[in-house]
Amino acid sequence: MQYVTLNNGLKMPQLGFGVWQVPDDEATPAVTKALEVGYRSIDTAKVYENEAGVGKALAATEVPREDLFITTKVWNSDQGYENTLKAFDASLERLGLDYVDLYLIHWPTPEFDEYVDTYRALEKLYKDGRVKAIGVCNFDIEHLQRLLDECDVVPVINQVECHPYLQQRELFDFCKKHHIYLEAWSPLMQGGEVLQNAAVQKIASKHRKTPAQAILRWHLQAGHVVIPKSVTPARIEENFNVFDFELDQEDMNQFQELDSNQRKGPAPSEMNKR
């Protein structure tokens, strides 16, 4: 496993395991398998409705709690200062934990204009020692800039849709300038056409790896934190086996040329669902 050091000094596995769209009863065996394979970072959220299933796997594992890195998120309908503090307590209870390592705002939902107050609640949780680090998801530069201007704690992470067809380079550069790591959700484009791309397949074949492994390796070398998701045991294992090879500069250049600004999910400024 490779680790990154966040802007508050906390170490985070660069490769984690996501459970978006995993039903609660399937989350327990999936997370159990991920921990057996070697994952130590697990990413869930209130809206995924599987925090309890994740918590069961965490309760049963022999991996020490201090070796785990657990992320969850406050959903849009729970935003606002007091609501966020209550939502955090509920998430903690479902997970069966005393603290989480990383707590994130799921979307800025700019139409409701609550994300600054929400982030101030995250700052309180951080200052009280109930979370080890705080950050955001799906924030554009304008949303991040407002937090930097109006709040005290710089987010450690901005988790956004990112894959070879949506590389988010301007956002990545802004985050890097402010010591915020970009974390990629949907890193394989939800199993989309990027896996069938001829250039990706050629790079994968060159390294005797699968297209998914080649893409995950690109993420790691590009400096992203990455959280692939799967419920298939063989694929959970496959996605972890990306530390025994390295892409060369030609490979990285070919990946860079694939960027076509193709989103699978909504644009942050337009996502106001509660």
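Relevant structure appears above.
The residue numbering used here restarts from 1 in each chain and proceeds along that chain's sequence as written. Where totals are concerned, whole chains, interfaces and linings use all residues; where local detail is concerned, this predicted model gives features only for residues with pLDDT of at least 70, and gives and counts side-chain atom pairs only at 80 or more. Side-chain numbers here rest on the full set of heavy atoms in the structure, without hydrogens or water.

Q: Would you mind showing me how to read helix 9 (residues 233-240) here?
A: Think of an α-helix as 3.6 residues a turn; residues three or four steps apart then line up on the same face. Three labels apply to residues, based on accessible area from a 1.4 Å probe with only protein chains included: buried if under 20% of the type maximum, exposed if over 50%, partly exposed otherwise in between. Helix numbering and strand numbering both begin at the N terminus, where a helix is a DSSP run of H or I of at least 4 residues and a strand a DSSP run of E of at least 2. All of the buried residues in helix 9 are Ile236, Asn239 and Phe240. When helix 9 is viewed along its axis, its buried side chains cluster within an angular range of 105° and face the same direction. Turning to helix 9, the residues buried within the fold contact strand 3 (17-18), helix 1 (24-37) and helix 8 (211-222). This arc corresponds to the set of directions leading from the helix axis out to the C-beta atoms. In what follows, a contact means two residues having at least one pair of non-hydrogen atoms within 4.5 Å.

Q: What am I meant to see in the nonpolar core here?
A: The nonpolar side chains of a soluble globular protein tend to be buried, and buried together. Nonpolar cores were defined as sets of buried Ala, Val, Leu, Ile, Met, Phe, Trp, Tyr and Cys residues, with membership established by side-chain atoms within 4.5 Å. Ranked by size, the top nonpolar core spans 76 residues in total, and within it Phe17, Tyr103, Tyr119 and Phe255 carry the most contacts. Non-local contacts of Tyr119, meaning those with residues more than four positions away in its chain, are made with Ile105, Ile134, Gly135, Val136, Leu147, Cys151, Val153, Val154 and Pro155. Counting 12 residues, the second largest nonpolar core, distinct from the first, contains Val4, Leu6, Leu102 and Val156.

Q: Where do I start with the sheet that holds strand 4 (residues 41-43) in this structure?
A: Sheets are built from strands that pair by backbone hydrogen bonding, the pairs being arranged parallel or antiparallel. What makes two strands pair is DSSP finding at least two bridges between them. Here eight strands make up an open sheet; going across it, the order is 3-4-5-6-7-8-9-10 and the pairing parallel. Every interior strand has two partners, whereas the edge strands, strand 3 and strand 10 (225-226), have only one. Sheet topology note: the strand 8 (residues 157-161)/strand 9 (residues 181-185) ladder contains five bridges and is parallel. Residue pairing in the sheet places Asn158 in a bridge with Leu182 of strand 9.

Q: Honestly, the pairing of strand 6 (residues 100-105) in this entry has me stumped. Any pointers?
A: Successive residues of a regular strand alternate their side chains across the two faces of the sheet. Burial of strand 6 is extensive: six of the six residues sit out of reach of the surface. Bridge count between strand 5 (residues 69-74) and strand 6: four bridges; the pairing is parallel. Within the sheet, the bridge partner assigned to Thr71 lies in strand 6 and is Leu102. By the bridge criterion, five bridges tie strand 6 to strand 7 (residues 131-137) in an arrangement that is parallel.

Q: What should I look at first to understand the packing of helix 4 (residues 115-127) against helix 5 (residues 141-150) in this one?
A: For any two helices packed against each other, one specifies the crossing angle of their axes together with the interaxial distance. Interaxial distance between helix 4 and helix 5 falls to 10 Å at its minimum, and their mutual angle equals 55°. Taken together, the axes of helix 4 and helix 5 lie oblique to each other. Of the two elements, helix 4 crosses helix 5, and the hand of that crossing is right-handed. On helix 5, the residues that touch Tyr115, Val116, Tyr119 and Arg120 of helix 4 are Glu142, His143, Arg146, Leu147 and Glu150. Looking at the contact of helix 4 with helix 5, its residues break down into four nonpolar, one polar and four charged. For helices, the fitted axis covers only the stretch in contact; all axes are lines through C-alpha atoms, and the angles between them, taken along N-to-C directions, range from 0 to 180 degrees. For this classification, under 35 degrees means roughly parallel, over 145 means roughly antiparallel, 65 to 115 means roughly perpendicular, and everything else is oblique. What makes a crossing left-handed is the near helix being turned counterclockwise from the far one by less than a right angle; a clockwise turn instead makes it right-handed. Under the convention adopted here, Pro, Cys and the residues Ala, Val, Leu, Ile, Met, Phe, Trp and Tyr are nonpolar, Asp, Glu, Lys and Arg are charged, and Gly plus all remaining residues are polar.

Q: Teacher, can you tell me more about the pattern of salt bridges here?
A: Pairing between side chains becomes possible if they bear opposite charge and their charged atoms approach one another. The term salt bridge refers to a pairing of a side-chain nitrogen on Lys or Arg with a carboxyl oxygen on Asp or Glu at a separation within 4 Å. Scanning the entire structure with this criterion turns up 16 salt bridges. Two residues, Arg94 and Glu51, come together in a salt bridge whose shortest N-O distance is 2.6 Å. Of the two residues, Arg94 sits in helix 3 (residues 81-95) while Glu51 sits in helix 2 (residues 51-60), which places them 43 residues apart along the sequence. By relative accessible area, Arg94 is classed as partly exposed at 35%.

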